[in-house]
Amino acid sequence: MPGKHSEKVALTISADKLRNVAGAFKGTSDPYAIVTLFAADKDQKPVVLGKTEVIKNTLNPQFNTVIEMDYEFGKLLHFQIAIYDEIRKAKTDKAMGSAVFEVGAILGSKGNVRAKRLKKGGVIFARIDKKRKVRSGDLTLHLLGYKLKNVEGMFSKSDPFFEIHAETAKDIFAKLVYRSKHIQNNLNPRWDPVTIDLDRMCDGDKDKAVRISVFDYEKSGRHVIMGSVTTSVNSLIAAKTHAGTGDLKSIDTSRALQLKKKSRASGQLVVAAAAVRNVPTPQPPKSNSDAEINLPVSMAEVSLDDTEEEINLGSGYAAAPTFVDYLSGGCEINTCVAIDFTGSNGDPRKPGTLHYIHRDGVSLNCYEKAITALVGILSEYDTDKLFPVYGFGAKYGGGGKNCFLLL
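What counts as what
Residues numbered from 1 in each chain as written. Predicted model: local features only at pLDDT ≥ 70, side-chain atom pairs only at ≥ 80, totals over all residues. Heavy atoms only, no water. Helix = DSSP H or I, 4+ residues; strand = E, 2+ residues; numbered from the N terminus. Contact = heavy atoms within 4.5 Å. Areas by Shrake-Rupley, 256 points an atom, 1.4 Å probe, with all protein chains shown as cover. Salt bridge = Lys/Arg side-chain N within 4 Å of Asp/Glu carboxyl O. Pairing = 2+ DSSP bridges. Axes fitted to C-alpha atoms, helices over the stretch in contact; angles between N-to-C directions. pLDDT = per-residue confidence, 0-100. Phe/Tyr/Trp six-rings, centres within 6.5 Å; stacked < 30°, edge-to-face > 60°. Buried < 20%, exposed > 50% of the residue type's maximum accessible area, 1.4 Å probe, protein only. Disulfide = S-S within 2.5 Å. Core = buried A, V, L, I, M, F, W, Y, C linked by side-chain atoms within 4.5 Å.

Draft legend 1. Focus on the overall build of the chain. Looking only at helices and strands, the chain has five helices and 21 strands in total. Here the analysis covers contacts within the chain between residues at least 6 apart in sequence; of these, 64% occur between residues at least 24 apart. Accessible surface, the chain: about 24,900 Å² in total, of which carbon and sulfur atoms supply 53%.

This is the structure we're talking about:
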């Protein structure tokens, strides 16, 4: 059960240089991932949170599936990402590797991304993003390719598909938002219309950069880039134009997006449709209608002249930022500890006093318990993993010291 102060976060997964377990002469593995949440208490059981899509013939998958979970600051939340090779004609799929992550450690890492190296070879990347409480809406998008440059060779044509990635300057890798189906032997493809969550695509910011890349599909999984363009939701909407009736000459390319490969033109993307839909209407806070309200004046004394100026709240009411908001916005945390050495702590040689060091070497005094509990949590979010320790209120060297370095 999610806690009172928990909030939704979204996990996206990718991997690089996985070990091929398909077997000799059987091609390349078809990986997918399963995410399992570990039990927080002994009386609980692990819970499978979700499974990604299967990506054919690749050892470097970028999964499009988003796995959601509830996270509460201060509570450790461990989960396992296990990657398998789908074997259609076998009873069980082959394991390709697994790794355990902790949500707080990911949020404390650069770009909200953490990587784990697998024993069988390869690396798993886990990324955590905050799930917005109020959705920004959806983008309905219909793209056409126009005179794409063939990369297949002289005797055949490319099989193009496109991917959309969200991009920010702080990202270690760009987040995959959408991957289309490929269209065989066509340099002027008409891909199917698609609906994309704006929160996932651009965090609700319609001017935020996104990258659209077109690839030539290969059964081996080694898809060949045909060209790419950086744009935004607002730019896509502005580029919407007449897509024609099927004849290439009827397509209006005056607003088409120019694809480039190694700084050279490699075709165009025509935006046949682009519109933002399903934008929620902001709702004012609910009032307690059952409570008795004492009015300072009678209703008869209220006139239209007494009303304040109306304020346009935009897409929603501003909410107080949460801990995840600060981390996602680039806030850096440095943990340091200060210990009170004043006489009020008692004689450290006597059991029960705050600074008493237990002889068993296991039991902790009050300061040690507090430091272990707090730093154990904050250390996951610390930027440099260095923890300076200071003391104050001590008397040594012939005088009182109000601030001195311990470690």
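Draft legend 2. Seen up close, the pattern of salt bridges. Following the criterion strictly, the structure yields 14 salt bridges and no others. When the shortest N-O distance is used, the salt bridge between Arg135 and Asp138 registers 2.3 Å. Arg179 is the salt-bridge partner of Glu163, the closest N and O atoms lying 2.9 Å from each other. Linking Glu163 in strand 10 (residues 160-166) with Arg179 in strand 11 (residues 175-179), this pair joins segments that are 16 residues apart in sequence.

Draft legend 3. Structural detail: the sheet that holds strand 4 (residues 67-71). Strand order across the open sheet formed by four strands is 4-1-8-7, with antiparallel pairing between neighbours. Every interior strand has two partners, whereas the edge strands, strand 4 and strand 7 (113-117), have only one. If you compare each strand with its neighbour and ignore which way they point, the axes differ by 30° on average. Bridge count for strand 1 (residues 7-16) against strand 4 is five bridges, and the pairing is antiparallel. Residue pairing in the sheet places Val9 in a bridge with Met69 of strand 4.

Draft legend 4. Focus on the sheet that holds strand 21 (residues 404-405). Ordered in space as 17-18-21, the three strands form an open sheet in which the pairing is mixed. Two strands lie at the open edges of the sheet, namely strand 17 (337-340) and strand 21, each paired on one side alone. For strand 18 (residues 389-392) and strand 21, the ladder comprises two bridges, and the chain directions are antiparallel. Looking across to strand 21, one finds that Tyr390 is bridged to Leu405.

Draft legend 5. Here's a closer look at the confidence of the model for the chain. Put simply, the chain has an average pLDDT of 84, and 87% of its residues get 70 or more. Segment residues 288-318: pLDDT under 50, and nine contacts once partners within four positions in sequence are set aside and those in other chains are kept.

Draft legend 6. Just the packing of aromatic side chains, in detail. Inspection of every chain in the model, using the stated rule, returns eight aromatic pairs. With a centroid separation of 5.5 Å and 20° between ring planes, the pair formed by Phe161 and Phe215 is classed as stacked. One end of the pair, Phe161, is in strand 10; the other, Phe215, is in strand 13 (residues 210-216), and 54 residues separate them in sequence. Owing to a relative accessible area of 3%, Phe161 belongs among the buried residues under this scheme.

Draft legend 7. Quick peek at the state of the cysteines. For the coordinates displayed, the defined rule picks out zero disulfides. The closest cysteine sulfur to the non-disulfide-bonded Cys336 is located on Cys403, 9.7 Å from its own sulfur. You can call Cys336 exposed: its relative accessible area is 53%.

Draft legend 8. Quick peek at the side chain of Ser29. Its location among the elements puts Ser29 in the loop between strand 1 and strand 2 (31-37). Discounting chain neighbours no more than four positions away, the residues touching Ser29 are Arg19, Asn20, Val21, Ala22, Ile55, Lys56, Asn57, Thr58, Leu59, Asp85 and Met96.

Draft legend 9. The arrangement of the nonpolar core in detail. One finds Leu11, Phe79 and Ile81 to be the most contacted residues of the largest nonpolar core, which totals 32 residues. Every element with two or more residues in this core is listed here: strand 1, strand 2, strand 4, strand 5 (78-85), strand 6 (94-102), helix 1 (103-107), strand 8 (123-130) and helix 4 (323-328). In terms of residue count, strand 1 provides more of this core than any other element does, four residues in total. Every residue in contact with Leu11, bar those within four places of it in the chain, is listed here: Val35, Thr65, Val66, Ile67, Met69, Phe79, Ile81, Ala126, Arg127 and Ile128. Residues Ala166, Tyr178, Leu198 and Ala274 belong to the second largest nonpolar core, which totals 29 residues.

Draft legend 10. Structural view of unusual backbone geometry. Of note, Asn57 is a non-glycine position whose phi angle comes to about 50°, a positive value. You can see Asn57 is positioned in the loop between strand 3 (47-51) and strand 4. Positive phi is not limited to glycine here, since Lys262 has a value of about 55°. Inspection of the secondary structure puts Lys262 in the loop between strand 15 (257-261) and strand 16 (264-277).

Draft legend 11. Molecular detail of the pairing of strand 10. Burial analysis of strand 10 places seven of its seven residues in the buried class, which makes it a mostly covered element. Of the two faces of strand 10, both are covered, the one formed by Pro160, Phe162, Ile164 and Ala166 as well as the one formed by Phe161, Glu163 and His165. Taken together, the seven bridges between strand 10 and strand 13 define a ladder with antiparallel strand orientation. Pairing of Pro160 across the sheet is with Asp216, part of strand 13.

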